[in-house]
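Take a look at the letters that make up each chain.
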Amino acid sequence: MNIIVLLKQTFDTEAKIQLDSNNNVITDNIQYIINPYDEFALEEAIRIKEKLGDVIITVVSMGPRKVEEALRQALAMGADKSILLNDEVLFGGDEHTAAVALSQTIKQIPYDLIIGGQVAIDDGSGQVAIRVAEILDIPQVNLVTKLDVENNKLAAHRQVEVGTEVIEVFLPAMITAQKGLNEPRYPALKGIMQAKKKELKILGLADLGLTENQVGSNGANLKVISTFLPAPRNAGRILSGEISENVQELVRLLREEAKII
Amino acid sequence: MNFNLNEEQKMIRDMVRHFAENEIKPVADQLDRSGEFPTEIMKKLSELGVLGIPIPEEYGGIGSSFLSYIVAIEELSRACASTGVIVETHTSLGSEPILDFGTEEQKRKYLPRLASGQIIGSFGLTESNAGSDAAGMQTFAVIDGDDYVINGSKIFISNAGIADLTILFAKTDKEKGVKGISAFIVEKNTLGYIVGPPEDKLGIRASQTCALTFEDMRIPRENLLGKVNEGFKIAMHTLDGGRIAIAAQALGIAQAAFEAASEYSKQRVQFGQPIGKLQGIQWHIADMATEIQAARLLTYQAAWLKDQGLRYTKEAAMAKLFASEAASRFTSRAIQVHGGYGFMMEYPVQRHYRDAKITEIYEGTSEIQRMVIANNVLFR
């Protein structure tokens, strides 16, 4: 069985985000991590491999050379191979162009199951994996919290308002990982030592058979207009005086100032 | 010159740091209070391969650099100095002598189990009348047929409470001083091997330090490590490496205290501002940051020399001396920054303060380190 894991490198969840004078995020001194939901995806792939045995896990990512660190970590955890799409023309796009580039990569390798995270914690985007499945025209189950894979099909559990929904689909298929799916492992030292010897392939636009117009900012349907930090939160206001007056004042403030009722 | 860790060393550091922050730091105060051995943590560290970092792959280890191991000890000690010294004693003192002086058979027999954490190692050198001066050793080993019969006792043996294997030093020639000492590999289930109760200590309280007594203990002659009467050389060589790891332990403790003090100085408000804005506090923070960095460079340099196969005796002693004294000074300073709160058991700085002291004492006191350094500077 061939499993593909879609992986994004993101800022550490504890990183303090700052903007420079042009409103670009300052990336110096920021710690990078594997997007936590993608780590669930990777862990699940490794568990399937441990259970079924004959599985090859390929991790696919797109981004600057720095992403190699995240891929090495994925290889150290237990992935077999990795591919990094590293080409300036591929960057600066949107979810659509990312999905086009990733799906074009995936078409070149055999796959039975694709696993991604349900959302990227940096830009909050939760579309790429879904779009990849659409382009490849394979079934998908999102926000999966439990997964059972057999030879040619899978059963995926997802939490819905009234309880748990179990969806069975035939392979090839794509699922996105939700928190709760598993607890990712630490990369063991043996894995760290082996990771150096595993394949980390770097591909560019020419390898994908796409044109410049289809990818990056040229192919994007979305454009980022501006970036800004949320306004610092003001201290709360305490109303003093008679309770009956306070309630009236509170209702007025909620209606007229906070505009939430 | 290159001051960077390589990719492998960085990955090992990040993994151990991540593990230590999530799995060890939250229970470190509890381990300190109870003096309980961190069984679960050690099991997980074994599974991750942390107990055999510098041991070559062919003997079941990870086969990474000595510097990787040093960085791991630093990170473990930053979360819990007890865990740091348990792993240090096991690796530097319990495993490395077999790697460096063992026969091929001894290496194959013991190293895979040590490196995988299946068995834990310790080091029996110190005696009540033989601390810094090993010549005064009163444990004797006498040949009887195919065995050595050993009688005597050791004190302050780190890991003794839980160790499965001890590198034991005993006199094989009563007439000679340090040149009459030999080293032996002793397994704990040997008849006549008696472990005392854990000592009640000021710091590193979760490390099981005990006395060992040997009563007509018989071990096969093939358990001699290295050559007869060359035990002192083995001990000194082993401690040279161990000292770099104790420097790393001190560094981890100092780093933890420094981080606590920095964080506190940003939170604590007095005179209408965070105390970190006051020059008096800033000078403490600046001194700590500078000297910890210096200690780290000395420690990593000594480890690097060892990795290159170069002489490192003097540098190991310098790293240990400087890092341990910095740790003692700055854990005290970190309490000072915390004021009265730092004196309370509720804040972990008091634990760092208590843990730091031993790094100036074990594996060669600061005075012995100065002796080693002076001898190397003046007479080599």
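All values derive from a computational prediction rather than experimental measurement. (Residues numbered from 1 in each chain as written. Chains lettered and ligands numbered in written order. Predicted model: local features only at pLDDT ≥ 70, side-chain atom pairs only at ≥ 80, totals over all residues. Heavy atoms only, no water.)

Let's talk about the overall build of chain A
Summing up its helical and strand segments, chain A has 8 helices and 11 strands in all. Once the C-alpha set of chain A is aligned to its principal axes, its extents read approximately 75 × 45 × 40 Å. Within chain A, the fraction of its 261 residues that count as buried is 43%. For chain A, contacts bridging at least 24 residues in sequence account for 69% of all contacts bridging at least 6. Of the side chains in chain A, 27 bear a positive and 36 a negative charge, and the two mean positions are spaced by 4 Å. (Helix = DSSP H or I, 4+ residues; strand = E, 2+ residues; numbered from the N terminus. Buried < 20%, exposed > 50% of the residue type's maximum accessible area, 1.4 Å probe, protein only. Contact = heavy atoms within 4.5 Å. Lys, Arg positive; Asp, Glu negative; His and termini not counted. Charge placed at Lys NZ, Arg CZ, Asp CG, Glu CD.)

Here's the deal with the overall build of chain B
Along the backbone of chain B there are 10 helices and 10 strands. Taking 380 residues into account, the globule formula puts the C-alpha radius of gyration at 21 Å, and chain B, at 21 Å, falls close to it. Dimensions of chain B, computed from C-alpha atoms along their principal axes, come out at roughly 80 × 45 × 40 Å. Among the 380 residues that make up chain B, the fraction classed as buried is 56%. Considering only residue pairs separated by 6 or more positions, chain B has 73% of its internal contacts joining residues 24 or more positions apart. (Rg over C-alpha atoms; globule rule 2.2 N^0.38 Å.)

Here we look at the pairing of strand β4 (residues 56-62) of chain A
Residue and element names in this part refer to chain A. Among the 7 residues that make up β4, 5 are buried, leaving the element largely enclosed by the rest of the structure. By the bridge criterion, 5 bridges tie strand β1 (residues 2-6) to β4 in an arrangement that is parallel. Looking at β4, one finds that Asn2 is bridged to Ile56. Inspection of the sheet shows β4 paired to strand β5 (residues 81-85) by 5 bridges, in the parallel sense. Bridge pairing in β5 links Val59 to Ser82. The β-α-β motif built from β4, the intervening helix α2 (residues 67-77) and the parallel element β5 has right-handed crossover chirality. (Pairing = 2+ DSSP bridges. Right-handed = clockwise from strand over helix to strand, strands pointing away.)

Things to note about unusual backbone geometry
For the bond from A:Leu171 to A:Pro172, the omega torsion is 0°, close enough to zero to count as cis. Tracing the backbone through its elements, the reader meets A:Pro172 in the loop between β9 (163-170) and β10 (173-177). Positioned with a positive phi, A:Lys259 is a non-glycine residue whose angle comes to about 50°. Judged by relative accessible area, which is 65%, A:Lys259 ranks as exposed. Despite not being glycine, B:Asn229 shows a phi value in the positive range, around 65°. Tracing the sequence through the fold places B:Asn229 in the loop between β8 (224-225) and α6 (231-267).

Considerations on the domain arrangement of chain B
In many reports, interface size means the accessible area that the parts give up when they come together. All names here are of chain B. With domains assigned, chain B is organised as domain 1 (7-120), domain 2 (122-229) and domain 3 (232-379). Taking the mean C-alpha position of each, domain 1 and domain 3 sit 20 Å from one another. At the junction of domain 1 and domain 3, the tally comes to 5 salt bridges. With a shortest N-O distance of 3.0 Å, Arg78 and Glu259 are connected by a salt bridge. Our count for the contact surface shared by domain 1 and domain 3 stands at 11 residue pairs in polar contact (both at pLDDT 80 or more). Across the side of domain 1 that touches domain 3, the residue classes break down as 14 nonpolar, 3 polar and 8 charged. (Domains from an automatic or database assignment. Salt bridge = Lys/Arg side-chain N within 4 Å of Asp/Glu carboxyl O. Polar contact = N/O pair within 3.5 Å; in protein donor to acceptor, adjacent residues only side chain to side chain. Nonpolar A, V, L, I, M, F, W, Y, C, P; charged D, E, K, R; others polar.)

Some words on the interface of chain A and chain B
Across the boundary between the two partners, chain A contributes 11 residues, which contact 19 residues of chain B. Here chain A meets chain B over a buried area of about 1,300 Å², counting both sides, of which 70% is carbon and sulfur. Looking at the side of chain A facing chain B, the largest losses of area belong to A:Tyr186, A:Leu189 and A:Met193, adding up to 54% of the total buried there. Our count for the contact surface shared by chain A and chain B stands at 2 salt bridges. A:Lys196 serves as the salt-bridge partner of B:Glu8, at 2.3 Å between the closest nitrogen and oxygen. Along the contact surface separating chain A from chain B lie 4 residue pairs in polar contact (both at pLDDT 80 or more). At 4 residues, helix α5 (residues 189-195) of chain A tops the list of elements feeding residues into the side of chain A that touches chain B. Within the side of chain A that touches chain B, the residues separate by chemical class into 7 nonpolar, 1 polar and 3 charged. (Buried area = accessible area lost by both parts, 1.4 Å probe.)

Quick notes on the packing of helix α3 (residues 66-79) of chain B against α6(B)
All names here are of chain B. Two elements in contact, α3 and α6, have axes whose closest approach is 7 Å; the angle formed by their N-to-C orientations is 40°. Where α3 crosses over α6, the handedness of that crossing is right-handed. On α6, the residues that touch Phe66, Tyr69, Ile70, Ile73, Glu74, Ser77 and Arg78 of α3 are Gly241, Ile244, Ala245, Ala248, Gln249, Leu251, Gly252, Ile253, Gln255, Ala256 and Glu259. Within the contact of α3 with α6, the residues separate by chemical class into 10 nonpolar, 5 polar and 3 charged. (Axes fitted to C-alpha atoms, helices over the stretch in contact; angles between N-to-C directions. Left-handed = near helix turned anticlockwise from the far one by under 90°.)

A few points about the pattern of salt bridges
Residues and elements named next belong to chain B. Following the criterion strictly, the structure yields 43 salt bridges over all chains and no others. Glu291 serves as the salt-bridge partner of Arg329, at 2.3 Å between the closest nitrogen and oxygen. Taken together, the positions of Arg329 in helix α8 (residues 313-338) and Glu291 in helix α7 (residues 279-308) put the pair 38 residues apart, joining distant regions of the chain. For Glu291, a relative accessible area of 22% puts it in the partly exposed group. Between Lys357 and Glu360 there is a salt bridge whose closest N-O contact spans 3.0 Å. One connected set of salt bridges, linked through shared partners, spans Arg17, Glu21, Glu75, Arg78 and Glu259.

As for a nonpolar patch on the surface
Residue and element names in this part refer to chain A. Residues Ile243, Val247, Val251, Ile260 and Ile261 make up a contiguous nonpolar surface patch of about 490 Å² in total accessible area. One can find Ile243 in helix α8 (residues 243-256). Classification of Ile243 as exposed rests on a relative accessible area of 63%. (Patch = residues over 30% accessible without salt bridge, like charges linked within 9 Å, V, L, I, M, F, W, Y side chains within 5 Å. Areas by Shrake-Rupley, 256 points an atom, 1.4 Å probe, with all protein chains shown as cover.)

A closer look at the environment of A:Asp94
Residues and elements named next belong to chain A. Looking at the secondary structure, you find Asp94 in the loop between β5 and α3 (95-106). Residue Asp94 is classed as buried on the basis of its relative accessible area of 10%. Here the alpha-carbon distance between Asp94 and Arg252, two residues 158 residues apart in the chain, equals 42 Å. When near neighbours in sequence (up to four residues on either side) are disregarded, Asp94 contacts Ala220, Asn221 and Leu222. Among the polar contacts listed, one links the side chain of Asp94 to the backbone nitrogen of His96, at a separation of 3.2 Å. A distance of 2.7 Å separates the side chain of Asp94 from the backbone nitrogen of Asn221, its partner in a polar contact.

Comments concerning the packing of aromatic side chains
Residue and element names in this part refer to chain B. As enumerated under the stated definition, the model contains 10 aromatic pairs over all chains in all. Taking 6.4 Å as the distance between ring centres and 55° as the angle between the ring planes, the aromatic pair formed by Tyr264 and Tyr341 counts as tilted. Pair noted here: Tyr264 is in helix α6 and Tyr341 is in the loop between α8 and α9 (349-357), with a separation of 77 residues, a long-range link. With relative accessibility at 10%, the residue Tyr264 sits in the buried group. Tyr341 gets classed as partly exposed once you look at its relative accessible area, which sits at 39%. Among the aromatic residues, ring-to-ring pairing joins Tyr264, Tyr341 and Tyr347 into one connected group. Lys174 extends its terminal NZ or CZ atom over the ring of Phe140, reaching a point 4.7 Å from the ring centre. Sitting over the face of the ring of Phe330, Arg329 holds its NZ or CZ atom 5.2 Å from the ring centroid. (Phe/Tyr/Trp six-rings, centres within 6.5 Å; stacked < 30°, edge-to-face > 60°. Lys NZ or Arg CZ within 6 Å of the ring centre and 35° of its normal.)

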